[in-house]
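# Structural features, examined
Below, each chain spelled out in residue letters.
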Amino acid sequence: MTAARRQVLAAQNLTKVNGFYAGRPAVPTGKLILDALASIRLIPGTGHSPPTIPQPTDLQLHLLDLLDIDPRDLR
């Protein structure tokens, strides 16, 4: 996780993210983030249809938000 994203967590008075380790909060390390995002699916866009991420978990949505990635706007 970049220093900027850690600053986002710090601004929210957080150092840990919920959902790692069977739902318990943990400090988001690179390995934990990659493990959490490893199961994410991306359906490529075709023609005028944008790419989509079907049914991301709450943790995946939170991580994408911290990484400033909008799962509704993937182009």
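Quick look at the structure, then. Predicted model only: the values in this text are computed from it and were never measured.

### Section: helix 3 (residues 58-66)
Residue pairs three or four apart in sequence face the same way in an α-helix, which turns once every 3.6 residues. Among the residues of helix 3, L59, Q60, L63, L64 and L66 are the ones counted as buried. The buried residues of helix 3 all sit within an arc of 160° when viewed along its axis, so they share a single face. Opposite the buried face of helix 3, by more than 90 degrees, sit the exposed residues D58 and D65. Positive backbone phi, at 60°, marks D68, one or two positions downstream of helix 3.

### Some details on helix 2 (residues 30-37)
For helix 2, the complete set of buried residues consists of L32, I33, A36 and L37. Axial view of helix 2: buried residues confined to an arc of 125°, hence all on one face. Within helix 2, the exposed residues directed more than 90 degrees away from the buried face are K31 and L34. In this fold, the buried residues of helix 2 make contact with strand 2 (23-26) and helix 3.

Rules behind the numbers
- The numbers attached to residues start from 1 for each chain and follow its sequence in the written order.
- In keeping with the model being predicted, local features are shown solely for residues with a pLDDT of at least 70 and side-chain atom pairs are shown and tallied solely at 80 or more, while totals for entire chains, interfaces and linings include all residues.
- Calculated side-chain values reflect all of the structure's heavy atoms, with hydrogen atoms and water omitted.
- Residue exposure (1.4 Å probe, protein chains only): buried if accessible area is under 20% of the type maximum, exposed if over 50%, otherwise partly exposed.
- The helix and strand labels rest on DSSP assignments: H or I over at least four residues marks a helix, E over at least two residues marks a strand, and numbering proceeds from the N terminus.
- As used here, the arc is the angular range of directions from the helix axis to the C-beta atoms.
- Working rule for contacts: check all heavy atoms of both residues, and any pair within 4.5 Å makes them a contact.

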